[in-house]
Amino acid sequence: MSGTSSTLRPPADAVAPVRHPDAPAPGELLGAHYEQCFGCGGGQEHGLHLAARAGEGVRITAEFTVKTAHQGAPGLAHGGVLASALDETLGSLNWLLRTIAVTGRLETDFVRPVPVDTVLHLEAEVTAVAGRKIYSTATGRIGGPDGPVAVRADALFIEVKVDHFVDNGRQEEIQAAMNDPDQVRRARAFEVNP
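Bear in mind the structure is a predicted one, so any value in this text is a computation, not a measurement.

Colleague: Tell me what's going on with the overall build of the protein, and back it up with residues and numbers.
Modeller: Counting secondary structure elements, the protein contains five helices and six strands. Listing the helices and strands of the protein from first to last along the sequence gives β-β-α-α-β-β-β-β-α-α-α. When burial is assessed residue by residue, the protein has 44% of its 194 residues classed as buried. Counting only contacts in the protein whose residues sit at least 6 apart along the sequence, the fraction spanning at least 24 positions is 66%. Accessible area for the protein stands at about 9,600 Å²; split by element, carbon and sulfur atoms hold 51% of it.

Structure representation (structure tokens):
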């Protein structure tokens, strides 16, 4: 990515990411981390409903269809929606590390317009880890995994404890997520974003 800030360049002592042994298998659909998530949840009428799949190593693929509710200029996706799709995709990588992390910084390049009704194919990978910092990159392509590049992003995620959400979130939602009997769904509810 051209012009990436120094904040998003891993330090010299960063290490290669390691896929957690309990991470979903390559090809497995990751599913929503939380039903009300704008990015991946099914409970948001105008959400992205982004579907992510585990890839090899510490990579994922994802896709979403740009709907009328996602437009900015007439007939084109809003840039903020595209940034949200990249953020959601990058955040989903943390499930392969089995780490709770939040977006610390996201830098996005908008390469070409994305029309309404387009399927945006996203690929993301973790590039390095340095302590609590997780460095990653993503690309979004129009119409297929080999289509033209429309958006790119580099990101820095910061590992946090579940207390980050418990102390700052709305208590009704926090309690509902904490009371979910499904261990995996409960853990994933606190997976990404600040």
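Additional details are given in the paragraphs that follow.
Colleague: Which residues make up the pairing of strand E5 (residues 133-142), and what are the values?
Modeller: Pairing between strand E4 (residues 119-130) and E5: 10 bridges, direction antiparallel. Bridge assignment links glutamate 123 to a residue of E5, and that residue is threonine 139. Once E4 ends, the chain turns through two residues before running back antiparallel as E5, passing glycine 131 with a positive phi of about 65°. Pairing of E5 with strand E6 (residues 149-159) involves nine bridges; the strand directions are antiparallel. Across the sheet, the residue bridging to isoleucine 134 is phenylalanine 157, located in E6.

Colleague: How would you explain the pairing of strand E2 (residues 59-65) if you had to name every residue and give the values?
Modeller: Here E2 shows a clear split, with Ile60, Ala62 and Phe64 buried on one side and none of Arg59, Thr61, Glu63 and Thr65 buried on the other. As paired strands, strand E1 (residues 51-54) and E2 are joined by four bridges and run antiparallel to one another. Residue alanine 51 lies in a different strand from E2, and its bridge partner there is glutamate 63. Adjacent in sequence and paired antiparallel, E1 and E2 are bridged by four residues, among which glycine 57 carries a positive phi angle near 60°.

Colleague: So what's going on with unusual backbone geometry? Residues and values would help.
Modeller: Located in the positive-phi region is histidine 49, a residue other than glycine, with phi close to 50°. With respect to the secondary-structure elements, histidine 49 resides in the segment before E1. Histidine 49 sits in the partly exposed class, given a relative accessible area of 40%. Positive phi outside glycine occurs at arginine 98, with the angle close to 55°. Positionally, arginine 98 belongs in the loop between helix H2 (94-97) and strand E3 (101-110). Under the relative-accessibility criterion, arginine 98 is labelled partly exposed at 36%.

Colleague: I'd like to hear about the environment of threonine 4, residue by residue, with values.
Modeller: Examined against the element boundaries, threonine 4 turns out to sit in the segment before E1. Residues within four places of threonine 4 in sequence aside, it is in contact with Arg9, Glu107 and Asp154.

Colleague: I'd like to hear about the sheet that holds E1, residue by residue, with values.
Modeller: Two pairing modes exist for strands in a sheet, parallel and antiparallel, and in both the strands are linked by backbone hydrogen bonds. Pairing is antiparallel in the open sheet, where six strands are placed in the order E1-E2-E4-E5-E6-E3. If you trace the sheet from one side to the other, it starts and ends with E1 and E3, each paired once. Taken pair by pair, the neighbouring strands of this sheet meet at an average axis angle of 20°, ignoring direction. In the packing of helix H1 (residues 79-92) onto the sheet, the strands contacted are E1, E2, E3, E4, E5 and E6, and the crossing angle to E6 comes to about 50°.

Colleague: Pulling in residues and values, what's your account of the nonpolar core?
Modeller: Counting residues in hydrophobic clusters, the biggest one holds 37 residues, and the most contacted among them are Leu50, Phe64, Leu90, Leu120 and Leu122. Broken down by secondary-structure element, the contributors of at least two residues to this core are E1, E2, H1, H2, E4, E5 and E6. Residues in contact with phenylalanine 64, not counting those within four places in the same chain, are Leu48, Leu50, His70, Val81, Leu82, Ala85, Thr118, Val119, Leu120 and Leu122. With eight residues, the next largest nonpolar core counts Leu8, Val102, Ala130 and Ile158 among its residues.

The rules we used
Residues numbered from 1 in each chain as written. Predicted model: local features only at pLDDT ≥ 70, side-chain atom pairs only at ≥ 80, totals over all residues. Heavy atoms only, no water. Helix = DSSP H or I, 4+ residues; strand = E, 2+ residues; numbered from the N terminus. Buried < 20%, exposed > 50% of the residue type's maximum accessible area, 1.4 Å probe, protein only. Contact = heavy atoms within 4.5 Å. Areas by Shrake-Rupley, 256 points an atom, 1.4 Å probe, with all protein chains shown as cover. Pairing = 2+ DSSP bridges. Axes fitted to C-alpha atoms, helices over the stretch in contact; angles between N-to-C directions. Core = buried A, V, L, I, M, F, W, Y, C linked by side-chain atoms within 4.5 Å.

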